[in-house]
6 protein chains.
Amino acid sequence: MTLTDDHTVLASSKTPFYQAVGDEREVFRAAAGRGLPVLLKGPTGCGKTRFVEAMAAELGRELITVAGHEDMTSADLVGRFLLKGGETVWVDGPLTRAVRAGAVFYLDEVVEARQDTTVVIHPLADHRRELPVDRLGTTVPAAPGFHLVISYNPGYQSVLKSLKESTRQRFVAIELGFPPQAIEVEVIAHEAGIDEQTARVLVTLGNAIRGLDGISLREVASTRMLILAGGLIAEGLSPRSAVRSAVVQALSDDQDVNRALGELVDAILPRS
Amino acid sequence: MTLTDDHTVLASSKTPFYQAVGDEREVFRAAAGRGLPVLLKGPTGCGKTRFVEAMAAELGRELITVAGHEDMTSADLVGRFLLKGGETVWVDGPLTRAVRAGAVFYLDEVVEARQDTTVVIHPLADHRRELPVDRLGTTVPAAPGFHLVISYNPGYQSVLKSLKESTRQRFVAIELGFPPQAIEVEVIAHEAGIDEQTARVLVTLGNAIRGLDGISLREVASTRMLILAGGLIAEGLSPRSAVRSAVVQALSDDQDVNRALGELVDAILPRS
Amino acid sequence: MTLTDDHTVLASSKTPFYQAVGDEREVFRAAAGRGLPVLLKGPTGCGKTRFVEAMAAELGRELITVAGHEDMTSADLVGRFLLKGGETVWVDGPLTRAVRAGAVFYLDEVVEARQDTTVVIHPLADHRRELPVDRLGTTVPAAPGFHLVISYNPGYQSVLKSLKESTRQRFVAIELGFPPQAIEVEVIAHEAGIDEQTARVLVTLGNAIRGLDGISLREVASTRMLILAGGLIAEGLSPRSAVRSAVVQALSDDQDVNRALGELVDAILPRS
Amino acid sequence: MTLTDDHTVLASSKTPFYQAVGDEREVFRAAAGRGLPVLLKGPTGCGKTRFVEAMAAELGRELITVAGHEDMTSADLVGRFLLKGGETVWVDGPLTRAVRAGAVFYLDEVVEARQDTTVVIHPLADHRRELPVDRLGTTVPAAPGFHLVISYNPGYQSVLKSLKESTRQRFVAIELGFPPQAIEVEVIAHEAGIDEQTARVLVTLGNAIRGLDGISLREVASTRMLILAGGLIAEGLSPRSAVRSAVVQALSDDQDVNRALGELVDAILPRS
Amino acid sequence: MTLTDDHTVLASSKTPFYQAVGDEREVFRAAAGRGLPVLLKGPTGCGKTRFVEAMAAELGRELITVAGHEDMTSADLVGRFLLKGGETVWVDGPLTRAVRAGAVFYLDEVVEARQDTTVVIHPLADHRRELPVDRLGTTVPAAPGFHLVISYNPGYQSVLKSLKESTRQRFVAIELGFPPQAIEVEVIAHEAGIDEQTARVLVTLGNAIRGLDGISLREVASTRMLILAGGLIAEGLSPRSAVRSAVVQALSDDQDVNRALGELVDAILPRS
Amino acid sequence: MTLTDDHTVLASSKTPFYQAVGDEREVFRAAAGRGLPVLLKGPTGCGKTRFVEAMAAELGRELITVAGHEDMTSADLVGRFLLKGGETVWVDGPLTRAVRAGAVFYLDEVVEARQDTTVVIHPLADHRRELPVDRLGTTVPAAPGFHLVISYNPGYQSVLKSLKESTRQRFVAIELGFPPQAIEVEVIAHEAGIDEQTARVLVTLGNAIRGLDGISLREVASTRMLILAGGLIAEGLSPRSAVRSAVVQALSDDQDVNRALGELVDAILPRS
């Protein structure tokens, strides 16, 4: 997969900054054009949320985002009755609002949610494009422009928490990863507000950590972490303190691992 | 089982498109004529929902569909009391509405639901044909035409989630599978809005994946997936991008498996 | 146990059709005469529900039936308070209604229910014959004629789900099984509305499946399944399609098992 | 422990029939005199409930009985707020009623209940003799005569379900068992309304089953079971049918065990 | 640890009878003086509750006691909203009442409670001395004199149920045990109302049981048990019946263990 | 990491006393300046809460603290509807209050909380800086000055309870530990109100316990424990009683461990 030809830069004042790496932008547009739901796959901090924000802005549609979690129920998405003045009044949930408004609905970390959450989106994810609201005894048809997007991190999949096949097969899947070096430098400099020279050192450090063998990290250094470190530097903190807090201490609680990471930092970062 | 003689095509403007593969249409009609409940068995994306939609249309009956899930309760099917103006008002659930209206009630993925859901349909599934509504203290007799249909995917059966024998034995069982090649090409071309030539390439790819040995996939490429890929092609995406998103990335998160699938795609799909 | 002498036929217009096989009718009558509760044991589809319906009709008593399930609470049996016009109003549950009316109360599949359900029937099952309604702070004495009947399938008993000894010992136990061949032919012909010749073929098939060794079935072919197959035949379906749907596909999801059962069907059923 | 000297007979028109076997009557009276709580231990069907009924009658106190179960909460014992006319009204639970009335409160099968049930009785079981009602913010002192009695079956104790030591140590413990032969004959004849000759045959059978080696029964034949069999005989059923239903089928679902028990029955019961 | 010098006797008409064994009284007073929370450790029935009652009386403070249990929630301690006349009215829980009144709050068996109970006391257990009441959106400062005391039995600690380190480290810990022989005789004679001679026999028996090897008892004979036995004797029961009920049967359900304990009783108790 | 150069003392009348040990103050200020969320890591009783209190005072911001626990729900943080005068009225939770007020929000022991708690802070922890309040259907933007701080103890991490990677990576991490000897003496003397001589003995003891090999302690002696012991001494208790209660008994329930700790105490503490 050669990526260098495809990437483009979008940095208008209104559209969130997003650097495409492969054909993700074309696939998303084709799916949106046909109303097909999209599943984003990729590691923590690689830019899934930012990608959806950028695409929604490009397509000129409202974006409604909800993060899945263990205690989320279908009512949290669809809506519920509330007592007002002694009467029960129906209040739409965020999914129902998106369905009525023709907005992009982004359900982040979908595998964290309980199954009734994922099942409730089935009729929205196939040719029916409608949301049954059992408690009202009605079905809400999706307004034109409604687009369903979900995401998850394949590295966190487990036997207990995985996407049901019958849900997964309804989606067009797009895989995102960490960007190649040149793009990542550009992204970090832009997001953290630091010069490209400093950003390049951070990316060098990030790639060195990603390439480490023999130590166990639950995650590698993400683009998001490097942006955090850059932000602390921009605030005047020394690069070593910034990297120690935003990268090393964030990656691990193990004293031995942190010492090894610290030596790597010492080797790469300039003495301030 | 020779299937080629039996299949017929139904494509009127009102009836959903469904291609029969075996005697499923005759068995369904006989069961409906006698009021016997039907259990559909088959893999994800083989067309169970579409089959029920087609049969309901042919029989001229309303169809009410509910997808089973872990958190569904019998109240979600039968109904509940809601507070209105300080009084409790009973609101029928979808099952009760179907029982009163003489509609086809389709409970999709029944094994996902808790047992109180499956037990509540017992009196509707035998000679009694009635729905006890305990909270009202009444029993609702099924109107003529009421027909109970449930489905599940035998491949997902487990010790924890299986249909109770005492439920299962009340049903006439129909097994559905992926259609033979000629029918599948016709279905995909029709549903995705692409030419038969492109559809045939997709079916060739689908059968190649279904025949793969030595790699572990939770599911094979379903008819539904191939229709999704066709839809992206119809939207102008290149066949390779379409298949990568709608089939390869949807089938697996494993980098090795995806590389193997990618090579299969390269061998079968024309270079665009 | 010689059964042939005892069985009698009851087919009046009002009493449900039931063929006695042993001394079940006499034991039930003695227990009812003395007000002793009855526990019915037997496999799925052997006629437990029908037996209770027949006995209630013979004794001239109302029958109230409830199917036990995992999510059933004692309130589902005893009753609950509902909000009406701003006041809480008590609504009797089906058990309380039966206790007040002197009806037969049949709790089907009792081991599926939670323990508070089974414990709530204890004072009704011994010399006290009364139902404490804790939420009302009262105790309802059983009206004359009240008769408590519960059932379960010993084959489904497990460590997790079994009848508490202290519950079980309060009951007179009656074991039911599949009827001998002559009776089963009569039952199937009557229930499905087919001729005795066809019914005999179905019973022959059923007994052949019941006698199969070397294949694993969770259940054998029940009388209820054979009646379902007969009903499809009465509706005009070919015997092979009928048996495939109502017996083979209902018994198993295993392709090898189903092929073996299919060969048995081919050997026994006439070519149509 | 020689028991023959101590047992006495009580059969007044008002007091329930109870045959003392050891010093249980004296211990109960001493505990009641000092207000010490009592724990009854013994197998299912040996007469624990009857003993409490008899003692309450002898002491001239009201008896309030509650059976413990898994879903019982402290509110089920203490009471709860109910909505009436838009206001919340407190309704005493059975324990609070007994505390106020100075009654005997009998919590049967206490280990089935959740811990909040057993903890709620602590202040009633020591020198405080008071019931804190947290939801009212008050404490109800026990009226004179209040006596707390709980029971359980040591044979059912398990790691998951056992009486907390801190609860158990607050109680005076009385162990009950099946009565010696002469007393059991008297009890069965009296309770079932049959002659002593028939009762003696039933007790002989019961003791034979209790002495069986080599077959696995969860429980032995209890006095209660033999009374049930006697009742069916009094209703006109043959002794063999009566014993088969009330004892054999009630004891076991295992075909081999039931055959062995049946042979024992044949050897002991007279041919009718 | 030589204890004989320190113990003192307090038996005024108002203060509950408590016999100090070590420096527990001094530690408690120092902690109370500085407002430091106290954790009492010790076996069931050794007098933890009595100690708190005595100290509260000596310090002239109100005592509010709550027993922890599995189903206790923080709302049970802090308070909740109740419906009155159509309005929600806040009702203080026992902890909030103690905080406002400057009382001693004693949470008995704290490890039985769920974590939200233990976490809710954190701000009361350190320098903040305040109770956040989230549902009211306020924080209640502890009135002068408020003193937090919790207790648990180290012998019941388990992996599932233990005190969180972050809770435990906030407390001054006092360990209590069974008192030495002379004190225990005095306590039992006083509490049960029997002569010192009889009390001495009971303590001799208790120490003999505490010293038994080779039999498995979940607990040894506690001071509380010996007081119960003494109470039955004071009521006129024979010492052997009293000890059998209050000690032997209370300690164990095992027939072999009980026989061994019975022989010990026979050897020590005088024949009456 | 040489710490001696960095530590400074802050003891104004308004700011809580906190002794910095490393660069924690600079990192916190940089993160606060840029609005980046902070994660504090460190053992129980090392001063995490005190550090946040000091920083909030230095930055001149309000501090709102909530301790995470197993039963905490997102509604406990965000707010809920309450019934008032027959209407539902929304009441902000502590997090929403902090977001509106621009306060420092400190969620202590975050891994104890359920996932819906941690997920609800995601949009506050990245560039969005907003709190979606699903139940109101609105999103509350964070006021300037809002700063999110969470903490946990790495030693308590487990498979069941750990911080989600996707949460953790959003935070700048600061690790705190027990202070070096000179600082700890100063802290204990100041907090307990004892002379430096006595404080030095307590720190010597604490470091001796921290250095013990061969005995199993769940935690070492924390600074907080030593302050508690100092407080009891300041109240007039002998140092040995104070240390036995506040350190030895608080650290362990094991008799052997406590004897070993007692010998250590005897060796280090002066005889009083």
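Cut-offs and rules
- Residues numbered from 1 in each chain as written.
- Chains lettered and ligands numbered in written order.
- Predicted model: local features only at pLDDT ≥ 70, side-chain atom pairs only at ≥ 80, totals over all residues.
- Heavy atoms only, no water.
- Helix = DSSP H or I, 4+ residues; strand = E, 2+ residues; numbered from the N terminus.
- Expected span 1.5 Å × (residues − 1).
- Contact = heavy atoms within 4.5 Å.
- Polar contact = N/O pair within 3.5 Å; in protein donor to acceptor, adjacent residues only side chain to side chain.
- Buried < 20%, exposed > 50% of the residue type's maximum accessible area, 1.4 Å probe, protein only.
- Domains from an automatic or database assignment.
- Buried area = accessible area lost by both parts, 1.4 Å probe.
- Salt bridge = Lys/Arg side-chain N within 4 Å of Asp/Glu carboxyl O.
- Nonpolar A, V, L, I, M, F, W, Y, C, P; charged D, E, K, R; others polar.
- Pairing = 2+ DSSP bridges.
- Axes fitted to C-alpha atoms, helices over the stretch in contact; angles between N-to-C directions.
- Phe/Tyr/Trp six-rings, centres within 6.5 Å; stacked < 30°, edge-to-face > 60°.
- Lys NZ or Arg CZ within 6 Å of the ring centre and 35° of its normal.
- Parallel < 35°, antiparallel > 145°, perpendicular 65-115°, else oblique.
- Left-handed = near helix turned anticlockwise from the far one by under 90°.

With that settled, the discussion passes to helix H9 (residues 196–210) of chain B. All names here are of chain B. With 15 residues, H9 extends 20 Å from end C-alpha to end C-alpha; this agrees with the ideal 21 Å at 1.5 Å per step. Packing partners of the buried residues in H9 comprise helix H8 (181–192), helix H10 (223–234), helix H11 (239–251) and helix H12 (255–268). For H9, the N-terminal cap is Asp195; the gap from its side-chain oxygen to the backbone nitrogen of Gln197 is 3.1 Å.

Residue and element names in this part refer to chain A. Counted at 1.5 Å a residue, the expected span for helix H2 (residues 48–59) with its twelve residues is 16 Å, and the 17 Å between its end C-alpha atoms agrees. Most of H2 sits out of view: nine of its twelve residues are buried. All buried positions along H2 are accounted for by Lys48, Thr49, Arg50, Phe51, Val52, Glu53, Ala54, Met55 and Ala56.

All names here are of chain A. Segmentation of chain A into domains returns domain 1 (6–175) and domain 2 (181–268). On the domain 2 side, the residues contacting the eleven residues of domain 1 number nine residues. Taken over both partners, the interface formed by domain 1 and domain 2 buries close to 860 Å², and the fraction arising from carbon and sulfur atoms is 57%. Between domain 1 and domain 2 we count one salt bridge in total. Classifying every residue of the side of domain 1 that touches domain 2 by side-chain character gives five nonpolar, five polar and one charged.

To continue, consider the sheet that holds strand S10 (residues 147–152) of chain C. Residue and element names in this part refer to chain C. An order of S4-S7-S10-S3-S11 is seen for the five strands of this open sheet, with the pairing classed as parallel. Looking along the sheet, the strands with just one partner apiece sit at the ends: strand S4 (63–67) and strand S11 (172–175). On average, adjacent strands in this sheet sit at an angle of 20° to one another, irrespective of strand direction. Note that strand S3 (residues 38–41) and S11 share four bridges and pair parallel. Among the inter-strand pairings, Lys41 is bridged to a residue of S11, identified as Glu175. Each of S4 and strand S7 (104–108) touches helix H4 (residues 94–101); the most contacted strand, S4, lies at about 160° to it.

Strand order in this open sheet of five strands is S4-S7-S10-S3-S11 (chain F), and the pairing throughout is parallel. This sheet does not close on itself; its edge strands, each paired only once, are strand S4 (63–67) and strand S11 (172–175) of chain F. Mean inter-strand twist for the sheet, computed between neighbouring axes without regard to direction, equals 20°. Alignment of S4 of chain F against strand S7 (residues 104–108) of chain F, held across five bridges, turns out to be parallel. Note that in S7 of chain F the partner of Thr65 of chain F across the bridge is Tyr106 of chain F. On the sheet, helix H11 (residues 239–251) of chain A packs against strand S3 (38–41) and S11 of chain F and is oriented at approximately 70° with respect to S11 of chain F.

What follows deals with the pattern of salt bridges. Summed over the entire model, instances satisfying the criterion amount to 96 salt bridges over all chains. Between Glu191 of chain B and Arg50 of chain B there is a salt bridge whose closest N-O contact spans 2.7 Å. One end of the pair, Glu191 of chain B, is in helix H8; the other, Arg50 of chain B, is in helix H2 (residues 48–59), with 141 residues separating them in the sequence. Owing to a relative accessible area of 17%, Arg50 of chain B belongs among the buried residues under this scheme. A salt bridge links Asp126 of chain B to Arg128 of chain B; the shortest N-O distance between them is 2.9 Å. The class for Asp126 of chain B is buried, based on a relative accessible area of 16%. Taken together, the shared-partner salt bridges connect Arg25, Arg29 and Glu58 of chain A into one network.

Residue and element names in this part refer to chain A. Burial runs high along strand S7 (residues 104–108): five of the five residues are buried. Judged by which residues are buried, S7 turns out to be covered on both faces: Val104, Tyr106 and Asp108 on one side and Phe105 and Leu107 on the other are all buried. In terms of strand pairing, S7 meets strand S10 (residues 147–152) through four bridges, oriented parallel. Counted as the bridge partner of Phe105 is Leu148 from S10.

Moving on, we come to the environment of Gly193 of chain F. Mapping Gly193 of chain F onto the fold places it in the loop between helix H8 (181–192) and helix H9 (196–210). According to the relative accessible area criterion, Gly193 of chain F is exposed, its value standing at 56%. Counting along the chain gives 162 residues from Gly193 of chain F to Ala31 of chain F, while the straight-line C-alpha distance between them is 34 Å. Non-local contacts of Gly193 of chain F, meaning those with residues more than four positions away in its chain, are made with Arg34 of chain E together with Ile188 and Ala234 of chain F.

What follows deals with the packing of aromatic side chains. Taken as a whole, this structure holds twelve aromatic pairs over all chains when the rule is applied. An angle of 45° between the planes, with centres 5.0 Å apart, marks the rings of Tyr18 of chain B and Phe51 of chain B as tilted. Residue Tyr18 of chain B is located in strand S2 (residues 18–19), and its partner Phe51 of chain B is located in helix H2; the two are separated by 33 residues in the primary sequence. Judged by relative accessible area, which is 8%, Tyr18 of chain B ranks as buried. Across the ring face of Phe178 of chain D, the terminal group of Arg210 of chain D is positioned such that the distance to the ring centre comes to 4.5 Å.

Along the chain, the position of Gln169 of chain C falls in the loop between helix H7 (165–168) and S11. Accessibility expressed as a relative area gives 0% for Gln169 of chain C, which makes it buried. There is a polar contact of 2.7 Å between the side chain of Gln169 of chain C and the side chain of Ser222 of chain D. Apart from residues no more than four positions distant in its own chain, Gln169 of chain C is found in contact with Thr44, Glu219, Val220, Ser222, Arg224, Met225 and Leu228 of chain D.

All names here are of chain C. As a packed pair, helix H10 (residues 223–234) and helix H11 (residues 239–251) sit with axes 8 Å apart at the nearest point and diverge in direction by 150°. In terms of their interaxial angle, H10 and H11 are classed as roughly antiparallel. When the axes of H10 and H11 are compared, the crossing they make is right-handed. Contact with H10, carried on its side by Met225, Leu226, Leu228, Ala229, Leu232 and Ile233, involves Pro239, Ala242, Val243, Ser245, Ala246, Val247, Ala250 and Leu251 of H11 and no other residues of that element. When its residues are assigned to classes, the contact of H10 with H11 shows 13 nonpolar, one polar and no charged.

This part covers the packing of helix H1 (residues 24–34) of chain E against helix H10 (residues 223–234) of chain F. Relative orientation of the contacting elements H1 of chain E and H10 of chain F amounts to 100°, with a least axis distance of 9 Å. Classified by the angle between their axes, H1 of chain E and H10 of chain F sit roughly perpendicular to one another. Across the interface between the two elements, Ala30, Ala31 and Arg34 of chain E from H1 of chain E touch Gly231, Leu232 and Ala234 of chain F from H10 of chain F.

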